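One letter stands for each residue in the lines below.
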Amino acid sequence: MSCDKSSPSVCPPVSPIVCEPIVIVRDHYVPQIVPVIHPIQVVDKVHCVPVEQHIYTYSGREEAGNATVSAKSQKKRSAHVSRARHKK
């Protein structure tokens with residue numbers, strides 16, 4: 001028996017064949033926010049740096065005739081000051 005389109009009544013009806021489905025995967029990427037925390041510590045350090053401060057003292061006196069009038073002066077002298085005077 002032949003299956004001819006011109007004579008549909010001649011061909012018996014058949015059940016359809018169902019194949020396994022073909023799987024097509026379409027990947028979609030959506031951004032997801034992930035918090036990343038970077039802790040920062042600020043440390044303020046204070047460093048003492050010695051800086052020389054040159055202090056010069058002087059004394060003076062006035063003489064009038066035979067009488068002597070003297071003025072009191074500060075007697076603070078740094079070793080650095082005396083060395084500086086000798087270097088000049």
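Anything mentioned here points back to the structure above.
Residues numbered from 1 in each chain as written. Predicted model: local features only at pLDDT ≥ 70, side-chain atom pairs only at ≥ 80, totals over all residues. Heavy atoms only, no water.

Participant: Please give an account of the overall build of the chain that cites residues and values.
Facilitator: A count of helical and extended segments in the chain gives one helix and two strands. Starting at the N terminus and ending at the C terminus, the chain contains elements arranged as β-β-α. Sorting the 88 residues of the chain into buried and exposed places 3% on the buried side. Element-wise, carbon and sulfur atoms account for 57% of the exposed surface of the chain, whose accessible area totals about 10,200 Å². (Helix = DSSP H or I, 4+ residues; strand = E, 2+ residues; numbered from the N terminus. Buried < 20%, exposed > 50% of the residue type's maximum accessible area, 1.4 Å probe, protein only. Areas by Shrake-Rupley, 256 points an atom, 1.4 Å probe, with all protein chains shown as cover.)

Participant: An account of the pattern of salt bridges is requested, with residue identities and associated values reported.
Facilitator: Opposite charge on two side chains lets them pair, provided their charged atoms get close. Using the criterion set out here, one finds one salt bridge in the structure. Close ionic contact of Glu-63 with Arg-61 constitutes a salt bridge, the shortest N to O distance being 3.4 Å. Residue classification places Arg-61 among the exposed residues on the basis of a relative accessible area of 60%. (Salt bridge = Lys/Arg side-chain N within 4 Å of Asp/Glu carboxyl O.)

Participant: Quick one: what's the story with the environment of His-54, residue by residue and with numbers?
Facilitator: Along the polypeptide, His-54 turns up in the segment before strand E1 (61-64). A relative accessible area of 38% places His-54 in the partly exposed class. A distance of 3.3 Å separates polar atoms of two side chains, one belonging to His-54 and the other to Glu-52. (Polar contact = N/O pair within 3.5 Å; in protein donor to acceptor, adjacent residues only side chain to side chain.)

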